[in-house]
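# Understanding the architecture of this molecule
Next come the chains, spelled out residue by residue.
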Amino acid sequence: MTDKTQNAMWGGRFAAGPDAIMEAINASISFDKRLYAQDIEGSRAHAAMLASTGIITDKDAETIREGLLTVLSEIERGEFPFSAALEDIHMNIEARLKDIIGEPAGRLHTARSRNDQVALDFRMWVRGQADAAIEGLKALIRALLVQAEAGADWVMPGFTHLQTAQPVTWGHHMMAYVEMFGRDIGRFEDARRRMNECPLGAAALAGTSFPIDRDMTAQALGFDRPSANSLDAVADRDFALEYLSAATICAMHLSRMAEELVIWSSAQFRFVTLSDRFSTGSSIMPQKKNPDAAELIRAKIGRILGATVGLFTVMKGLPLAYSKDMQEDKEQVFDAADSLMLALAAMSGMVSDLTANREALSLAAASGFSTATDLADWLVRELGLPFRDAHHVTGTLVAMAEKKGCDLPDLSLDEMKSAHSGITDAVFDVLGVENSVASRRSYGGTAPENVRAQIARWKEKLS
């Protein structure tokens, strides 16, 4: 095959032929350079342990430590010469270290492999992302608590099937999302506890014959313990899968809230006004104020769920221990983590800035026969009707009000009595939306006193 034929088959990007294709598919430096800080931190801990156990000299360990700090400084200043020919961040750093300090650099890789090195770096990076997600969620919850406290007794419609169901409070609705995002914190914390085992020292797959101290490196790198099985240590990516699973559920919660903000900010609802900082205009319709930030948050679940499915698919058929397939673990996790943190920050900003329209919320709460259940409950409680009979009487009155074009509180007492003779004017006490929400005092209910108690509980929890 001629060079001209090769170029036609592989295109200009791979003009050098098969070797260039192999380099392109094999190299990961374009994305795993994000692990530079973890790689250097792990190498420093490893060198210190090698010296402590007498495997290398203290002098070599100190030279390695200083050289690694120089490499770190070069990367952070944007002066590091990354090379695709050196494949990955580990070899790039090691080669540069050799340029700087010479022979001692070759001793750094004693008693370890790139397999346990990348498992360590990636685990440390994901652990950091779990911590970042937890802090991002706490910031969002604090913003929601401010909204909930301001509107603890503001009435609004609660929906099922997006149809008016029963009145609730604005604070209660905000606190529903606090509970959701609180569970997300729990998932990230739980995943973090499980991932906090150090794989360094597993070497390629079987451990090492050198007298290393794995407890020392685990402690130095903030892990609870070293991993117990060297095969599992290099083959495991459960930590990334658990992070992605928690991130996917969190992104789903963000998407649900974003959908409500899109609906609530529409001209048809007018429940909330989003700030200009998180809205855009139209290029052709001057009256438009588009909830673009909410819509983009709503879409992020696609990328994050896609990353989760992608990594599950990579890992599902791999025999122990390490296979090159596992190089495909990072890009999708990096993208998912970036997407999640951006969505959390944007949602926190929107919630902090949004203004709830109390008047529109109240008007909507009183419409759609939202106190029908309160009427049925009153018939059961005051007149002793079986609930099914009370349900029928209430349905009759709803139909009557609908025919008249009014709401239940607008019916006269005589009209009420036509459905059941035992109804008295005391029924009107339960037909107001404020009375309705105030009566829902069962634990977890929407009564303002309940909402304020839950706000206090969460403030204490976050402190």
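What comes next concerns the included structure. (Residues numbered from 1 in each chain as written. Predicted model: local features only at pLDDT ≥ 70, side-chain atom pairs only at ≥ 80, totals over all residues. Heavy atoms only, no water.)

## Brief notes about the packing of helix H8 (residues 170-195) against helix H11 (residues 238-264)
The geometry of H8 relative to H11 is characterised by a closest axis approach of 8 Å and an angle of 170° between their N-to-C directions. Viewed along their axes, H8 and H11 adopt a mutual orientation that is roughly antiparallel. Classified by chirality, the crossing of H11 by H8 is left-handed. Residue composition of the contact of H8 with H11, by class: 17 nonpolar, two polar and seven charged. (Axes fitted to C-alpha atoms, helices over the stretch in contact; angles between N-to-C directions. Helix = DSSP H or I, 4+ residues; strand = E, 2+ residues; numbered from the N terminus. Parallel < 35°, antiparallel > 145°, perpendicular 65-115°, else oblique. Left-handed = near helix turned anticlockwise from the far one by under 90°. Nonpolar A, V, L, I, M, F, W, Y, C, P; charged D, E, K, R; others polar.)

## Considering the nonpolar core
Core analysis: the largest hydrophobic core is formed by 100 residues, its most contacted members being Trp170, Phe188, Tyr243, Leu254, Leu340 and Met347. The leading source of residues in this core is H11, at 16 residues. Setting aside chain neighbours within four positions, we find tyrosine 243 in contact with Val126, Gln129, Ala130, Phe188, Val333, Ala337 and Leu340. Of all hydrophobic cores here, the second largest spans 20 residues; its members include Leu385, Ala390, Val393 and Leu408. (Core = buried A, V, L, I, M, F, W, Y, C linked by side-chain atoms within 4.5 Å. Buried < 20%, exposed > 50% of the residue type's maximum accessible area, 1.4 Å probe, protein only. Contact = heavy atoms within 4.5 Å.)

## A word on the side chain of glutamate 74
Secondary-structure assignment places glutamate 74 in helix H5 (residues 58-76). Judged by relative accessible area, which is 9%, glutamate 74 ranks as buried. Not counting residues up to four positions away in its chain, the partners in contact with glutamate 74 are Glu79, Phe80, Arg96 and Ile100.

## As for a nonpolar patch on the surface
A contiguous nonpolar patch, built from Leu205, Leu231 and Leu320 and spanning about 270 Å² of accessible area, is present on the exposed surface. Relative to the helices and strands, leucine 320 is located in the loop between helix H12 (292-315) and helix H13 (330-353). Under the relative-accessibility criterion, leucine 320 is labelled exposed at 63%. (Patch = residues over 30% accessible without salt bridge, like charges linked within 9 Å, V, L, I, M, F, W, Y side chains within 5 Å. Areas by Shrake-Rupley, 256 points an atom, 1.4 Å probe, with all protein chains shown as cover. Salt bridge = Lys/Arg side-chain N within 4 Å of Asp/Glu carboxyl O.)

## Comments concerning the pairing of strand S2 (residues 163-169)
In the sheet, strand S1 (residues 155-160) pairs with S2 via six bridges, with the strands oriented antiparallel. Bridge assignment links valine 155 to a residue of S2, and that residue is threonine 169. Between S1 and S2, which follow one another and run antiparallel, lie two residues, and histidine 161 among them has a positive phi close to 60°. (Pairing = 2+ DSSP bridges.)

## Topic: helix H19 (residues 448-462)
Here H19 spans 21 Å end to end across 15 residues, near enough to the 21 Å set by a 1.5 Å rise per residue. The set of residues buried in H19 consists of Pro448, Asn450, Val451, Gln454, Ile455, Trp458 and Leu462. Within H19, the buried residues cover an arc of 155° as seen down the axis, which keeps them to one side. On its buried face, H19 sits against helix H7 (114-150), S2, H8 and helix H18 (433-439). (Expected span 1.5 Å × (residues − 1). Arc of directions from axis to C-beta.)

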